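The chain contents come next:
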Amino acid sequence: MENTHHKQSFWSKYVFSTDHKTIGTQYMIMGMIMAGVGGYLAYVFRYNLAFPGKSIPFYGMLGPQAYNAFVTIHGMIMVFWVGMPVLLSAFGNYLIPLMIGSDDMAFPTVNMMSFWIFAVSALVLIASFFVPGGAFGGGWTMYPPFSAGGYLDPNPNFFKALFSGTSLLILAVALELVAMLMGGINFLVTTINKRAKGMTAWRIPIIVWFLNIAAVIFMFSVGPLVAGAFMLLFDNVLGTGFYDPHRGGDPMLWEHLFWFFGHPEVYVLLLPSLGVLAEILPVFSRKPLFAYKTIIYLALASAFLSVLVWAHHQFVAGIDPRMATFFSIGTILISIPFAGIFLAFMATLWGGAIRMKVPMMWAIGFIGLFLVGGLTGLFLGSNTFDIYAHDTYFVVAHFHYTLFPDIFFGFFAAFYYWFPKFSGKQLNSSMGKWHFWLTFIFFNGVFFLLFFNGLAGQHRRINDYSSFSLISREPYQTFEQIATICAIGLMLTQFIFIFNVVKSLRKVKTGVKNPWEATTLEWVSDSPPPHGNFNPYPEVFRGAYDYSLPDAEVDFTPQNTPKA
Amino acid sequence: MTSTIVTPGIHVGLEDSHGPVSFQPIHSSPDHDNVVYPNEATDYHGHPHYGRVLITLLLLLGVSLTVGYVFSPGIAIALIFLTALWKVTLVVRNFMHLKYEPLFIYIAIAAVALIIYAFFFGVYPDITAVPRDVTFPH
Amino acid sequence: METKQNHLTIPIIKIPQGRLGTWVLIAGELVIFGGLICCYLLFRIRYPHWGAMAAHTNTFIGALNTVVLLLSSYTIVRAHGAAVKLDVAKARLWMTCTLLGGVMFLVDKSIEYAHEISEGFTFTSPKLVAAGDHVGSLFWSFYYIMTGLHGAHVLAGMTAIFIVMMQIRKGNNLHRVELVGMYWHMVDLIWIFLFPLLYIAK
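Sequence order sets the numbering: in each chain, residues are counted from 1 along the sequence as written. Lettering of chains starts at A and numbering of ligands starts at 1, both following the order in which they are written. Under the rules for a predicted model, residues below a pLDDT of 70 receive no local features and side-chain atom pairs below 80 are neither given nor counted, while totals for whole chains, interfaces and linings still include all residues.

K.L.:
Is there a simple way to explain the overall build of chain C in this structure?
P.N.:
Looking only at helices and strands, chain C has seven helices and zero strands in total. Along the three orthogonal principal directions, the C-alpha set of chain C runs to about 70 × 35 × 30 Å. Relative to its 202 residues, chain C shows a buried fraction of 58%. Sequence-distant contacts in chain C: of pairs separated by 6 or more residues, those separated by 24 or more amount to 74%. For the purposes of this entry, the term helix denotes a DSSP run of H or I that reaches at least four residues, the term strand denotes a run of E that reaches at least two, and both are numbered from the N terminus. Counting other C-beta atoms within 10 Å of a residue's C-beta gives its exposure: the residue is buried at 20 or more, exposed at 12 or fewer, and partly exposed in between, where C-beta atoms are placed from the backbone. Residue pairs are scored as contacts if the distance between their C-beta atoms, which are placed from the backbone, is within 7 Å.

Put into structure tokens, the structure is as follows:
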């Protein structure tokens, strides 16, 4: 039967659409807008750190309270409102049905609701800046008692507490988690039940595997946090004592609940990006992916380990020392599967006919930068070192070296790679290279020196070092200024990208179906894919990475090519 | 819309949002996906004797209510939670038809139990192994 | 009008999409309650004093509610049985019984809450706090958050059942009877855990 189109109104086509591609695009645009907000916050507080006491261009003076709120919301936005929607929801929604040869997600209505709940959560988050008292400023981890001000307030007031920045932040996060849960259910059911004929488990592209593993990790680790968020909200609004030691509760419980989710969350963000790499590297080195099955097993192992390591974030919080050893060992163990995955990626490059196109540059840049983040993570995973480095700029630099390549390099690699799919057009390559190199240099400029600041003892939650002569000595203040200048450069660089996208969207369609000569199913469909994706629906005969087969005419054999 | 064949029998759409679902003859396609209900291909599970399960559940409830009066507290609590586990197993296996589901679903449910256990294990010393009296004197 | 038949798409493990989705949803919900029950258990082990507080809960109403939920689980599973036989009227009748069970559960719960609140055991229990029994007030916080979250799920399940009752009126979407049924059983089995935790173990 053919896919016939019926006339859709603007609202049902672009706004309340149930088409997985529209929803994926909506998530991506929303994520990019939020990245702009998060970047602006970062600009403001970075400027304040480098030039304390000066008025900040495009903002004004930044007080300590607002500084804390900006840092907190910057972290929140970048993890929950940029990383999650862009990597997991945008690419998951767009790519999973295309790559498994399906017409749409399993539950399109749920998918649409998921996006709109997400949009509301973003609104609630932004609204928290404008309530009396401002946005929450106690760190993105929301540790009580900062986040449970209800029992600290001498004159508790229900409505004041309900419409405080804290409550709105908890509410926004809860809504965001609900949206992602709905998306996760969709991913799993779609992948399990809606694959094209012949798409057996071992023929599914790695990115679809990884998105699903990420969805599973997310679903199984978020539950306790949801329960904990209710408790935190009641502590804040109604004055219960779940996390109040004075009332028999325990603030440590929240730390456990938060990090039980918060650490697996890192892998939820990481796995989709690694999946992007697994798609891009074989295409641009014209070689099959090295150790396909091993990569999947390693990812499953890391998913299992990821829920057993959370308390390495709490080494200085006074957890039981015996457990600290356990969590230290678990943390160092979890580097083994990821090292294995990265080694498999490098083995994919080995001896390949490498095409240094823009997506490939982002992918290789990802590997290089993530190496720094991963190795410093090994230090921090050991509780003896962590006690020294905890809450310093060393930690800040470490997790930016993991999350920035993960979220942004992964996103840009995927975006440059799949943009021909989204739009049928090609991004300008030389602007893409400028974008890559400037981003790469400026990113290192921001965070590499901060490792030294951290080792020198600079604490991450201080807005003005000039009042601490011991740690504001040279060269560390200069390092802060270099970091800030590079951060501004990093943000300005992104305008090249925006300009490139806008310019490319105005070009005519290239009409090339498979510009990168890739094998996976999404390139079988038209670019951009029509409603219903495929006509006729493809049948799969081979694995996802059949490059340079000895007896093939061309060096790529799409998955729907029958075996000879 | 070209080939709409409406046949007697009751059909289940893929999803509401797809608009009116194209109807198919019940036995036309061997590999349809949730199109027909009840469906030999997908509605593969049988139906246990629900009444018997219900009576067992109620009896177990009676047991869990009475053991407290019969045994010492330690044994009673163990028995109470064992009966609770038994009840849950009965409900999940029979009412939710887990016993007819593929292994995948078992794994998902077992994963829930494992995750919860991991959480309990990791948090246990920090919450329980602290000085018992942590309330401050006024 | 559009058609969405993807003939080549087959369920690889033979489980219908709706049921698979419901299982995944249930797994997600169970983790939420699992986390909450874990927190409760940890504090229960920490504070033996909570046994005295648990003695104030009304075991009779708790047991009655267990019976109500078990019976309503039974009726929804009979509704599924009728739906398989395409007997819409009977399926809707059984679902109405389940809804009545849900209403009765909530009524019992309200009576119980009213009784406990009149004794001064509220969400924050200011009476206990004033008497210096902070730990006891924490028990009631846990009691209300656990039963309250469960009650919210009862309401959600009832809403879902009601919506499905409306949807199957004309005899389509009958497979959804089983799906809401599964959700309702999950509500039931969470209660099976909450009942001994809050009412029996003293």
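Picking up after the structure, the text goes on.
K.L.:
Looking at this model, I keep getting lost on the overall build of chain B. Mind explaining?
P.N.:
Scanning chain B from N- to C-terminus turns up three helices and zero strands. Counting from the amino terminus, helix and strand elements in chain B follow one another as α-α-α. Each of the 138 residues in chain B was classed as buried or not, and the buried ones make up 27%. Partitioning the intrachain contacts of chain B with sequence separation of at least 6 by distance along the chain shows that 36% fall at a separation of at least 24.

K.L.:
Just to check I follow, could you spell out the environment of Ile213 of chain A for this structure?
P.N.:
All names here are of chain A. Along the chain, Ile213 turns up in helix 7 (residues 206-237). The buried category is assigned to Ile213, around which 22 C-beta atoms lie within 10 Å. Sequence separation of Ile213 and Val268 is 55 residues, and the distance between their C-alpha atoms is 8.0 Å. Residues contacting Ile213, with those up to four places away along its chain left out, are Leu271, Ala299, Leu300 and Ala303.

K.L.:
Would you explain the environment of Asp235 of chain A in this entry?
P.N.:
Relative to the helices and strands, Asp235 of chain A is located in helix 7. Taking the C-alpha atoms as reference points, Asp235 of chain A and Pro145 of chain A, separated by 90 residues in sequence, lie 9.3 Å from one another.

K.L.:
What should I look at first to understand unusual backbone geometry in this one?
P.N.:
A negative phi angle is the norm for most residues apart from glycine, just as the trans form is the norm for most peptide bonds. All names here are of chain A. Residue Pro145 follows Pro144 across a cis peptide bond; omega there is 10°. Topologically, Pro145 is positioned in the loop between helix 4 (108-127) and helix 5 (158-162). The amide bond that connects Ser527 to the next residue, Pro528, takes the cis arrangement and shows omega of -10°. Relative to the assigned elements, Pro528 resides in the segment after helix 15 (476-505). Positive phi values are uncommon outside glycine, yet Phe58 reaches one of about 65°. Relative to the elements of secondary structure, Phe58 occurs in the loop between helix 2 (20-50) and helix 3 (64-99).

K.L.:
How should I be thinking about the confidence of the model for chain C in this particular structure?
P.N.:
A low pLDDT means the predicted coordinates there should not be read in detail. Residues and elements named next belong to chain C. Every residue carries a pLDDT, the predictor's confidence in it, which falls somewhere between 0 and 100. Taken residue by residue, chain C gives an average pLDDT of 88. The fraction at 70 or more is 93%. Throughout residues 1-12 the model reports pLDDT below 50, and contacts reaching past four residues in sequence, or to other chains, amount to 43 contacts. Across the predicted assembly, pTM comes out at 0.90 and ipTM at 0.90.

K.L.:
Would you mind showing me how to read the packing of helix 4 of chain A against helix 6 (residues 165-193) of chain A here?
P.N.:
Packed helices, taken two at a time, are described by their axes: the angle between them and the distance between them. Residue and element names in this part refer to chain A. The contact between helix 4 and helix 6 brings their axes to 8 Å, and the two run at 160°. Here helix 4 lies roughly antiparallel to helix 6, going by the angle between them. Crossing angle aside, the handedness with which helix 4 passes helix 6 is left-handed. Contact residues: Val110, Asn111, Met113, Ser114, Ile117, Phe118, Val120, Ser121, Val124, Leu125 and Ala127 in helix 4; Leu168, Leu169, Leu171, Ala172, Leu175, Glu176, Val178, Ala179, Met182, Gly183 and Asn186 in helix 6. Looking at the contact of helix 4 with helix 6 residue by residue, the classes come out as 16 nonpolar, five polar and one charged. Angles here are taken between N-to-C directions and fall from 0 to 180 degrees, while the axes themselves are lines fitted to C-alpha atoms, restricted in helices to the stretch in contact. Any angle between 65 and 115 degrees counts as roughly perpendicular, while under 35 counts as roughly parallel, over 145 as roughly antiparallel, and the rest as oblique. Crossing chirality is assigned from the near helix's rotation relative to the far helix, an anticlockwise turn below a right angle marking it left-handed and a clockwise turn marking it right-handed. Here the term charged refers only to Asp, Glu, Lys and Arg, the term nonpolar to Ala, Val, Leu, Ile, Met, Phe, Trp, Tyr, Cys and Pro, and the term polar to all other amino acids, Gly among them.

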